[in-house]
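Inside the fold
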Amino acid sequence: MTTNSDEQRQPLDLAAARQQLREKKGKDYWRSLNELANSPEFEKVIEQEYPRQASLLGTLNRRDFLKVLGASLALAGLTACVPQGSDKILPYVKPPEVLLPGKPVLFASTVLQDGYGQGVLITTTMGRPIKVDGNPKHPATLGGSDVFMQALPLELYDPERLKQVMNQKTAKTWGDFTNALGSLSGNWGQGAGLRILSGMTTSPSLIDQMGALLKKYPQAKWVQFSPVARNNSLAGANLVFGQPYEPVYDFSKADVILSLDCDFLFAEPGHVRYGRDFGVRRQPISANGTMNRLYMIEGSSTMTGSNADHRLAVKPSQIEGFARAIAARLGLAVTAPTGDVAGQPWLDALTADLKSAGKGALVLAGERQPAAVHALAYAINQALGAVGNTVNFIAPVAQGYAGDGYTALKTLAQEMSSGAVDTLVILDSNPAYTAPADLDFVKAMGKVKNVITLANAMDETAVLSSWAIPAAHSMESWGDARAFDGTISIIQPTIEPLYGGKSALELIAALLGQPVARGYDLLRTYWQGQLKGGDFALTWRDLLGKGVIADTASAPIASLPTATLNGMGALPAAASGMEIVFEPDYTVWDGRFTNNAWLQELPKPLSKLTWDNAAYLSPATATKLAITDGDMLILHVGERNMQAAASIQPGQPDDVVVLSLGYGRKEGGSVLANSGFNANLIRTSAAPWFQSGLQVTKGREKYTLATTHEHWTMENRDLVRSTDLEDYKAHPNFAHDGEEQAITLYGQEERTGYAWGMSINLNSCIGCNACVIACQSENNIPTVGKDQVIRGREMHWIRIDRYYKGSANRPRFVYQPVPCMHCEKAPCEVVCPVEATSHSAEGINEMTYNRCVGTRYCANNCPYKVRRFNFYKYVDENVASMRALRNPDVTARSRGVMEKCTYCVQRVNEARIQAEAEGRPIADGEVQTACQVACPTQAIVFGNINDANSTVRKLKDLPLNYGLLADLGTQPRTTYVAQVKNPNPMIKEEA
C-alpha cells in the first residue's frame, strides 16, 4: 500500500485526550481528539495561526520557491483577466422566446436518487443549466435540497463522461448498435436467454415499457437491484401485515421519535422532506410551543444520531433485543430478551414517553436492520395509535419490486454462470462494482455472450460489456418518476444531450424494434393515454410548467390488518467478537458520485474526511487494538479480507468497524483514482449491512487521510451556545451569559435603507452540507485536490464546524455553519493596502478581485478564518465543458486572489434592478442566498435587518440570537440562534 504522507504523523495519545476531558475547564466544546490531547499535530496547526500559510511549496528548494513567489506577484494584477475561447459567436436570427441575455430561466424537472423522484428547479442561462434547487411545489423537497442534488451540474459537464457508443472498446455509432441489435433480437425467440438488470425504478412510463418488452419476450426476466434499496423495510411489512407495504412518515406530527438505527435525515427516500418537517418541530420558540424529542439507538455515528436528544451507540446486532424489550413493555406478544439489553437504563423512561405521546409517537427502523426490527417498529406504531397520524403505509413505490433485490441478483448471477443468459441488458447500473463479493458477478459476466450497458462513464461494468451506450443525464432526457409518497413528476431536459446519450426509455424502445424513437414522444404518448379528458396539449404544457402531476400521491392502505409478530420466533443468539458495518457514504452514496470532485472534496458531516473513506473505530476500540489514525488495517470477514486506513471517531460504538460504500473504484474517471477502499470486497448478499466475526490486523504502513476538522480552529473561544430546554426556560438569556460590551475607537454609523444580514438557526441545522455545495455551484468555487486539502487550502466559502461536548465515548454533537460574518467593523478592511476588501453602503463586505494583490493581510486579521486564498490557478480554463458550468454573474477567480462569501451579491443586485424597474422596494424574501435556498430545514435566513417586519430581523430580536466573537467589537451581520436540546429528564446520560 502506497502512503501519501510527506512526513510521519505523530500518533494520538488517547490517554492524554481522556485526561484533558477530566481536567477541562471553561468552554467545553472540542472538535477533535488531537485537540483534546494537545498533540504535536494540533500544536503545529495552532502555531501556524492561519493554516493556509503552512509550507507554501514544501518540496521546492529556495531558488524554485522564489521563482514561484515572483510569478505569483507578477500575475497578481492580471487575475481578473481570464482568457476566453477563440470560437466565433454568431447571433440568433430568431432567438428562442426563453433565451433572454443576462436573464436566467427556471425549468421544473425531477432528479433521481435510487429511483425515487425529487422535484427540482433547474436554472439555465443562455441555454446552459448551471444550478439545481428544490421545487417548492414538490412534496419530496418543498424547495430544499441535498448535496447530491446540488452537485448535479458538475456531473452533467463532467469531461470524462462516456461520449460515444463503444463496441469492444471500439468507437461506433447508435446506428451501428441498432443494426447489431436487429441481428441479436432475431435469436431471442421467447426471450429465454434475455435478462434486463436495472437499478430501482419508480418511473410509470418505463415500467409500462418494460411490461411491453416482457409481453413480447415472455420468458425474459427483469431484475431490479440497488446496493442500498429498501429490502428489509418491505420485508418487515410483509412479515407483520402479509404485504410488502412501504412506510411514509410525517415528522411534523411527531412528538416523540424513536429511531432504531434509521438515518432518516440522510438515507431514507424522503430525507429532504423529513428534514424540513423534523426541523420545524425543533424550535424552542414556536407557534405551538412544543419541541419534539428524538431517541436514537444506532450501530454507527450518523447525521440523524448527531441531532438526537438521546443517542446510544451499540453493536447493530444488539438493536433487535432493544426493540423487542420496548415492544414487550407495550404489551405486544413478542418473545422478549432475558436479562438486560443494550440501552437497559432507557427502557422504562422511553416506554413511558412513547405511551404519553400516543398517536404522536413515531418508531422507525433503518434499512441496515433486519426485517424483524422493521416488523417490530410497525407493530409498535400500530399499538400506539400512530398509524394514520405519524406513519402511513402505501403500496411499494417501485412497482414490481417486493424487497428481494439481493435474492434476485444472486439468482441472475447463477443463471449467468450456468450459461442460461445469452443477452444481458444493464440500465444505468454498475453491478461489476456494487454486487456483493460472494456473487462473483464479474466472473459471471464473462459467461454471457452479449452484454449491453447503458452507462454514464466507462465504469467497471461498461469496460466489460460488449456494447456500452452513453447514458443521457437527467438534465438531458425525458422521463418521469414517483417520489417517496408516490407523487409523480416529470423529468424534462434543459439541454440537448452533450454526447448523444440515450435514456432508458429510448434503449428499451430500441429493444422493442423502435431504434429512432425519441424520449419526448415516448413519454408524451404514454401520458396522453393516462391523462384522458380535456385538452391534452394544454394539460401537458401546464404539467411541464409545474413539474408535478397533481393528486398522484399514493393513497394510504385503508384497511391495514392488525400487525402480528407470531412469525418472528425467538431473539437470535448474541453475536460475539467484533462487527463490521457498511453504510452509504455521505458524499458519494454507493459509488455513483465518486467521480464528482465537488462531492469528493466535501468534508463528511461527522468525520470531516475528504477524498477517501476510512475504517472508523471508537477511541476505546482503537486503544484496545493499539491503533492510531492512519494505520492501515487488514479486515478479515470469513474467507475474505481487505485493507483500509483507520480513523478514530468519538461516538462510534465499541467493538465495531464502520466502512462506507462507494470508494476503491478502478474505472470511471480520473477523480476517483486512488480514492478510498472498496467495501464490496468483503460485503456479502447474506449480510449486506453488518456482519459479526470481524478480525482486525494492524498493518505496517500508514496512510494519510485528508480531514478538515482541525482547520480554521479559533482556539477554544466561545463559539457555540447550546443548552437543554429546561435550562432555557429557567434562563432564557443564556446565550448572552458572560458577554462583554466591546469597546471601540470607531464611531457608530447609522445605516438607512437596506442593511443586509443573515441569521443561522442552530436548532434547525442538521449538518447536511447542502449549503456548502450550493455555494460552490453558485459562486464558481473550484476544488483543489487531496494534497491541497491536507495543507489546509480547501476553498469552500462556508464551512460546517462540528463540535463535540462531553466524553469521547458518548459525545454530544453541535453543528455550526460559518460563512463570512460581514462585520460592520471588519478587521480585514483596515489592513488591505489596496482597498480590495471594502464595505458597501448596504453592509456587505465586498471583494474587488482585480484589485487584490495577494498580501493575505486580510486573512491574517480575520478572527473568523473565512477567507480563502488561491495559491495556484485552481480554476479550470481549458476544458470547454467546465467553462459552460460557470455562473456568468460571478467572476472566475485566478491565482493570487483572496475570496470569500459575498452574501450572493449578484442575487441582491438582480433583485434591486427588478425592483427599481417596477418602482418598488425589494420585498422581504425576494433575495435568497444560494445557501438559504438549498437548506432543507430553513436554518438560514437572509434579508434586510432594517425592515422591522422581515423574518431575519425577527430572528435577530430573539433572546437566543447571538453574534460569533461579538466581544471583539466586529459587529457581525451574520448571527446565530443558539441551540436548545430537549432531553428526557428521567434519563441520565452515562459518561
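This report concerns the structure included in the present document. Everything numeric here is computed off the predicted structure, so don't read it as measured data.

Points about the overall build of the chain
- When helices and strands are counted, the chain shows 31 helices and 39 strands.
- Here the chain, with 991 residues, has 61% of them falling under the buried criterion.
- Of the roughly 37,900 Å² that the chain leaves accessible, carbon and sulfur atoms contribute 51%.

Focus on the environment of Phe266
- By the element assignment, Phe266 lies in the loop between strand 10 (256–260) and helix 10 (271–280).
- Phe266 gets classed as buried once you look at its relative accessible area, which sits at 7%.
- Ignoring any residue separated from it by four or fewer positions in sequence, one finds Phe266 in contact with Phe148, His271, Met303, Thr304, Pro584, Asp585, Tyr586 and Trp589.

Concerning the sheet that holds strand 5 (residues 165–167)
- Overall, mixed pairing links the seven strands, which are arranged 6-5-17-16-15-7-8 in an open sheet. A single partner strand is all that each edge strand has here, and the edge strands are strand 6 (170–172) and strand 8 (221–224). Going from strand to strand, the sheet's axes swing by 20° on average, the running direction of each strand aside.
- Here strand 5 pairs with strand 6 via three bridges, running antiparallel. Bridged to Val165 within strand 6 is Lys172.
- On top of the sheet, helix 8 (residues 204–216) reaches strand 7 (194–198) and strand 8; it is set at about 150° to strand 8, its chief contact.

Thoughts on the nonpolar core
- Ranked by internal contacts, the top residues of the largest apolar core, which has 214 residues, are Leu260, Phe264 and Leu635.
- A total of nine residues in this core trace back to one element, the largest contributor, which is helix 14 (residues 371–384).
- Leu181, Ile196, Leu427 and Leu507 belong to the second-largest nonpolar core, a separate cluster that totals 28 residues.

Some thoughts on the pattern of salt bridges
- Under the criterion given, the structure shown has 36 salt bridges.
- A salt bridge links Arg368 to Glu583; the shortest N-O distance between them is 3.3 Å. Placement of Arg368 in the loop between strand 13 (361–365) and helix 14 and of Glu583 in strand 20 (residues 578–583) is noted, with a sequence separation of 215 residues between them. Exposure class is identical for Arg368 and Glu583. Each is buried.
- Between Asp590 and Arg592 there is a salt bridge, and its shortest N-O distance comes to 2.5 Å.
- Several salt bridges converge on common partners, so that one network encompasses Asp114, Asp590 and Arg592.

Some thoughts on the packing of aromatic side chains
- Scanning the entire structure with this criterion turns up 34 aromatic pairs.
- When the ring of Tyr520 is compared with that of Trp540, the centres are 6.2 Å apart and the planes differ by 65°; the resulting orientation is edge-to-face. Of the two residues, Tyr520 sits in helix 19 (residues 519–530) while Trp540 sits in helix 20 (residues 536–546), which places them 20 residues apart along the sequence.
- Residue classification places Tyr520 among the partly exposed positions, given a relative accessible area of 24%.
- We classify Trp540 as buried; its relative accessible area is 4%.
- On the numbers, 5.1 Å between centres and 85° between planes, the contact of Tyr526 with Trp527 is edge-to-face. The burial state of Tyr526 is the same as that of Trp527; both residues are buried.
- Through a chain of ring-to-ring contacts, the aromatic side chains of Tyr249, Phe251, Phe264, Tyr274, Phe278 and Phe484 assemble into a single cluster.

Conventions adopted
Residues numbered from 1 in each chain as written. Predicted model: local features only at pLDDT ≥ 70, side-chain atom pairs only at ≥ 80, totals over all residues. Heavy atoms only, no water. Helix = DSSP H or I, 4+ residues; strand = E, 2+ residues; numbered from the N terminus. Buried < 20%, exposed > 50% of the residue type's maximum accessible area, 1.4 Å probe, protein only. Areas by Shrake-Rupley, 256 points an atom, 1.4 Å probe, with all protein chains shown as cover. Contact = heavy atoms within 4.5 Å. Pairing = 2+ DSSP bridges. Axes fitted to C-alpha atoms, helices over the stretch in contact; angles between N-to-C directions. Core = buried A, V, L, I, M, F, W, Y, C linked by side-chain atoms within 4.5 Å. Salt bridge = Lys/Arg side-chain N within 4 Å of Asp/Glu carboxyl O. Phe/Tyr/Trp six-rings, centres within 6.5 Å; stacked < 30°, edge-to-face > 60°.

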